[in-house]
Amino acid sequence: MRAAKRQIEILARDPLLLAVVVVIFAAIATFVVYPLAKVFLASVLVRGTWTLEHYELLTTRRLYRNALVNSLQVATFVGVVGTALGFLIAFVVTRTDVPFKRVLHMLTLLPIISPPFVGAISILFLFGFNGLVTKQLLQLQDFNIYGRWGVIASQIFTFAPLAYLSLRGVLQSISPTLEDAAFNIGAGKWQAFWKVTFPLALPGIFSAFLVVFIESISDFGNPLVLAGAAFPMLAPQAYLEITGSFNLARGAMLATILLLPSLTAFAIQRYWVSRRQYVTVTGKPTASTSKLVTPFAKWTLFGIVASFALLVVAFYAVIVVGAFTRVWGFDYSFTLQHMNYVFSVGLDSVRDTLLIAIVSTPVSGLLGMLIAFLVVRRTFPGKAALEFGSILSYAVPGTVVGIGYILAFNAPPLILTGTFAILVLAFVFRYVPVGIQNGIAVLKQIDPSIEEAAQNLGADGVTTFRKITLPLIAPAFFSGLVYAFVRAMTAISAAIFLVSANWNLMTVQILNQVGSGRLGVAAAFSILTIVLVMIAIAIIGFLVERTGKTTSTIRF
Amino acid sequence: MASQEPRHVDEHEADLRIVGLGKTFVSPEDPSEGVVAVDDVNLSFRKGQLVTLLGPSGCGKTTLLRMIAGFEEPTAGDIFFGSARVNELAPNRRDAAMVFQSYAIFPHLDVFDNIAFGLRLKHLDRRTIQDRVDTVAGLVGLEGMTKRPPSQLSGGQQQRVALARCIVMEPRLLLFDEPLSNLDAKLRDQMRVEIRDLQQRLGITSVYVTHDQVEAMALSDVVVVMNAGRVEQVGNPIEVYARPASRFVADFIGKANFLEGRALDGTAIEVAGVRVDVPNGVPHPAGSAVTAVVRPEALTLHQTGGGSLRGRVARTAFLGSLGEVVVDVPGQGSWLIDVPNAAEVGLPGVDDEVGVTPSARSVHVLPA
Ligand SMILES: Nc1ncnc2c1ncn2[C@@H]1O[C@H](COP(=O)(O)OP(=O)(O)O)[C@@H](O)[C@H]1O
Ligand SMILES: [Mg+2]
């Protein structure tokens, strides 16, 4: 306690910095912790009395029990298959010399920058009641894509790229010289892989699994489109309880249940797996040798990976074609009517989405860097709690956040429902964790005396951050921006609770159109979203290029 | 423990005063466990002095310097700049500019912007900034390089930027943390001279941390020898060399031979049964055990008989300008003796019996 008081005294010598810390604490408490607490409270405190009756429904009502079991099963399955697929692609890209690696890489990343249920729409185009494959090609009459396998398929398509991205980093950081060393002492290819590469990558693989697991169980869009009434799942069920039956307490109960597996996976990831990442850091990613695989294995793997890439191409081609097709399944003639709709009736939501993304992205980016700076470079009481609170929202399913926000900001003291602010705030605090983590990683590599030198020459804490730290962590800042922007443009699970007549989002429009069977309009919206995201990434890339001229030449 | 011989500086004329200063680092995992980095340090320095903090690695020099700069919080004691206590002053308001061991150049700013950084924070006008940066760049030999990014500077040039960035502020204190340790030997000697010249010219009180005793001797008005967080001795370079306050200081600064013996009276001791005169005085009662220090150049070697003490040659080395002879003296251990003009007089053979005479005025009896 004495130590805490002393830390505050020291911090108070820099009053502006102290103010910043206080504001951030207040903001995290208000916009991350408080809504979560409200969700939990709403599930156990009904009209002034404490009760567990809603939790008892899990045992008495099959609907809820099934929702829980289904969600867990799907998340586990998608986690395993998605991670395996991601690992294969990462392995092919980092360890073999197959052609078109760059194309494979780009195509694999495409689902990441799309609205999370583009896969679901493509699946409907191809395998739905009027699906191109199921109806036109195979003439199936009673084929039903809705349910378990539909959700699983579209989630693997959506989340395997995430596993790929993180496993690519893991494999790149394992120097192929280790494999060479294994060959050198007489190991075969198979042994070198199983005894060297795989064990070294294992913590990374497990970590990727947990990420996919969290994403899958939190996913809202794919289940809402594809699960169907016979296959209840937690996130859409919570949404239906609240918006369909206006039963806040049950929705809150389901949201709380939904939180448990996510938080558990997150805790394992953060406090157990990340301590075991004994990846040998060699500084630069080494150019890989490709001695690990025989030509046969190489081409087999390439075949699998290329098939996935082709699937991506097919899915997106279907979306593009669908956006310009009059009535899918019946009338395949060309039309601009869906696009016209998007640019007339839908234009408001396009504008709203862009505005919200453009406002929330830089705020989220700056906040992330500021928190990273405070966590790495300053001591103050509650620092660990601040770090935890600010990255907590990474693991909290959007559905829970959305319910939390409507519960927390629907009544005094802070009424925000239906406003621009509530959407911006939700996005800022939801997408700040990745920026924080990137910022922390980069800051830890920068000599602290550079910032001390600035202070020594008269800069206070905030000036030091602005003039020294921020320029030095610009790469992390910009990649945080890309992430926050993509997420803000493609978010659905929290946002769907927060949109209003005044402020609507493209993703919600897409979902509504799917719901009313107008897949063409949904496809047109999806294409526009992807195009806007790509333009934004190009602009941010351009900014990086420009600042890179002054910073990238620097040796630290 | 050796006495802390405070060089007397009156309180009112001290430019930097450190009173009872201590720092214990507490481990975050186990608050009951602490590392005492600095322990009860008392020092006072006059305006314009260049003071070195000298001691082996880990003895607390950097921690002491960082407390002066305000980067570490003392756990005991006070720091005064002039008459003002600065303990609670934030580092950015202390006016004590520091040259870091790693230089800490701002990598995204060119030389000019690095030097101008502190001036801009003071909101000086453009002309003044331009003039002051140009002047200082000239002083440290960076003229014509102010538009370069740091990545195009050699180690020595980065060092100059770090120095220029500090002196352009005209601070009340200059702090240096082993500034030359990353340079090669030749550049180190050159920069040492430049830093000393510049400091003299500007008259800024400076605290200079080093573990290199040669550097400390060459630079300082005052040397503060530290060991395990404590001050062992404060004095000018000749004092700490010729009259070390402790065995540690004698050993750390230069090469030392230790004579173990007994005090005879106020001006002589007995070593290995031989009377050795100590005109500088023996601060011990007659009969008590004493240790005296003699430097290698103050021992005379007698190869052909004579000499007050006898010993046997253990090793010899010819180093050009002088020869080194190690002699085992019974009951005393090994002594190192410098033989000037070794090329002319020649060196003894190993196992030869030789005589050794200490030069009386250079024998220094350690305080109790
Ligand atoms: N931030 C710190 N936390 C814990 N111990 C420290 C810290 N900084 C220094 N120490 C310890 O304090 C002692 C003195 O360190 P330092 O002042 O850096 O020595 P020097 O500069 O003389 O080499 C060392 O034992 C060191 O391990
Ligand atoms: Mg040091």
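Predicted, not measured: the structure shown is a model, and the values here were computed from it. Sequence positions are assigned chain by chain, starting from 1 and proceeding in written order. Each chain gets a letter, beginning with A, and each ligand a number, beginning with 1, in the order they are written. This being a predicted model, a pLDDT of at least 70 is required before a residue's local features are given, and a value of 80 or more before pairs of side-chain atoms are given or counted; all residues contribute to the totals for chains, interfaces and linings. Just so you know, side-chain values use all the structure's heavy atoms and leave hydrogens and water out.

1. Some remarks on the domain arrangement of chain B
Residue and element names in this part refer to chain B.
- Entries for chain B in the domain assignment read domain 1 (14–95 + 171–248) and domain 2 (255–365).
- Residue ranges labeled as domains rest on an automatic or database domain assignment. When each unit is reduced to the centre of its C-alpha atoms, the spacing between domain 1 and domain 2 is 34 Å.
- Any pair of residues with heavy atoms lying within 4.5 Å of one another is described as a contacting pair. The interface of domain 1 with domain 2 comprises six residues on the first partner and seven residues on the second.
- Roughly 600 Å² is buried in total at the junction of domain 1 and domain 2, and carbon and sulfur atoms are behind 48% of that figure.
- Note on definitions: salt bridges are taken to be side-chain nitrogens of Lys or Arg within 4 Å of carboxyl oxygens of Asp or Glu. Inspection of the region where domain 1 meets domain 2 yields one salt bridge.
- With a closest N to O distance of 3.1 Å, Glu260 and Arg247 form a salt bridge. A 1.4 Å probe defines the accessible area here, and the buried area is the portion of it lost by two parts on being joined, summed over both.

2. Some thoughts on the site of ligand 1
All names here are of chain B.
- In this text, near means that some heavy atom of the residue lies within 4 Å of the molecule or strand in question. The environment of ligand 1 is formed by Phe25, Val35, Ala37, Pro56, Ser57, Gly58, Cys59, Gly60, Lys61, Thr62 and Thr63.
- By the criterion applied in these results, polar contacts are pairs of N or O atoms within 3.5 Å in which, for protein atoms, one can donate a hydrogen and the other can accept it, and in which residues neighboring in sequence qualify only through two side-chain atoms. One of the backbone N or O atoms of Gly58 is found 2.6 Å from an oxygen atom in ligand 1.
- A distance of 2.9 Å separates an oxygen atom of ligand 1 from a polar atom in the backbone of Lys61.
- Mapped onto the shell around ligand 1, the elements with two or more residues apiece are strand 2 (34–46) and helix 1 (61–69).
- When residues in the shell around ligand 1 are grouped by element, the largest group, three residues, is from helix 1.
- Each residue gets one label: Ala, Val, Leu, Ile, Met, Phe, Trp, Tyr, Cys and Pro are nonpolar, Asp, Glu, Lys and Arg are charged, and the others, such as Gly, are polar. The residue inventory of the shell around ligand 1, partitioned by class, reads five nonpolar, five polar and one charged. Note on conventions: DSSP H or I runs of at least 4 residues are helices, E runs of at least 2 residues are strands, and numbering of each starts at the N terminus.

3. Focus: the pattern of salt bridges
- All told, the structure shown has 30 salt bridges over all chains when counted by the stated rule.
- As a salt-bridge pair, Arg351(A) and Asp348(A) come within 2.6 Å of each other at their nearest N and O atoms. Of this pair, Arg351(A) and Asp348(A) both sit in helix 16 (residues 347–377), three residues apart, which is roughly one turn of that helix.
- Taking the relative accessible area as the measure of exposure, Arg351(A) reaches 51% and is therefore exposed.
- Relative accessibility under 20% of the residue-type maximum defines a buried residue, over 50% an exposed one, and the middle range a partly exposed one, all with a 1.4 Å probe and only protein chains included. Judged by relative accessible area, which is 46%, Asp348(A) ranks as partly exposed.
- Taking the shortest distance from any N to any O, the salt bridge between Arg85(B) and Asp78(B) comes out at 2.7 Å.
- Each member of the salt-bridge network shares a partner with another, and the members are Arg6(A), Arg13(A), Glu73(B), Asp78(B), Arg85(B) and Glu88(B).

4. Some thoughts on the side chain of Thr507(A)
- Its place among the elements puts Thr507(A) in helix 24 (residues 506–515).
- If we skip the residues at most four places from it in the chain, Thr507(A) touches Pro115(A), Phe117(A), Met489(A), Thr490(A), Ala491(A) and Ile492(A).

5. Focus: the pairing of strand 1 (residues 14–26) of chain B
Residue and element names in this part refer to chain B.
- Here nine bridges tie strand 1 to strand 2, and the two strands are oriented antiparallel to one another. Note that in strand 2 the partner of Arg17 across the bridge is Ser44.
- For two strands to be treated as a pair, DSSP must find no fewer than two bridges joining them. With five bridges joining them, strand 1 and strand 4 (residues 76–81) adopt antiparallel strand pairing. Within strand 4, the residue paired with Arg17 across the bridge is Phe80.

6. What about the packing of helix 16 of chain A against helix 22 (residues 474–490) of chain A?
Residues and elements named next belong to chain A.
- Every angle, taken between N-to-C directions, lies between 0 and 180 degrees, and every axis is a line fitted to C-alpha atoms, over only the stretch in contact when it is a helix. Interhelical geometry of helix 16 versus helix 22 gives an angle of 145° and a closest axis separation of 8 Å. In this structure, helix 16 crosses over helix 22, and the sense of that crossing is right-handed. Each of Thr353, Leu354, Ala357, Ile358, Ser360, Thr361, Pro362, Ser364, Gly365, Leu366 and Met369 in helix 16 lies in contact with helix 22, whose residues at this interface are Ala476, Phe477, Leu481, Ala484, Phe485, Ala488 and Met489. Here a crossing is called left-handed whenever its near helix is offset anticlockwise from the far helix by less than a right angle, and right-handed whenever the offset is clockwise.

7. Digging into the interface of chain A and chain B
- The partner chain B presents 30 residues to the 26 residues of chain A that form the contact.
- With both chains or domains summed, chain A and chain B bury close to 2400 Å², and 59% of this area falls on carbon and sulfur atoms.
- When the buried surface of chain A facing chain B is broken down by residue, Arg13(A), Asn456(A) and Leu457(A) rank first, second and third, together holding 33% of it.
- For Glu452(A), the salt bridge identified is with Arg66(B), shortest N-O distance 2.7 Å.
- Our enumeration of links across chain A and chain B arrives at 10 residue pairs in polar contact (both at pLDDT 80 or more).
- The set of elements that each furnish at least two residues to the side of chain A that touches chain B consists of helix 1 (2–12), helix 20 (448–456), helix 21 (461–472) and helix 25 (519–551) of chain A.

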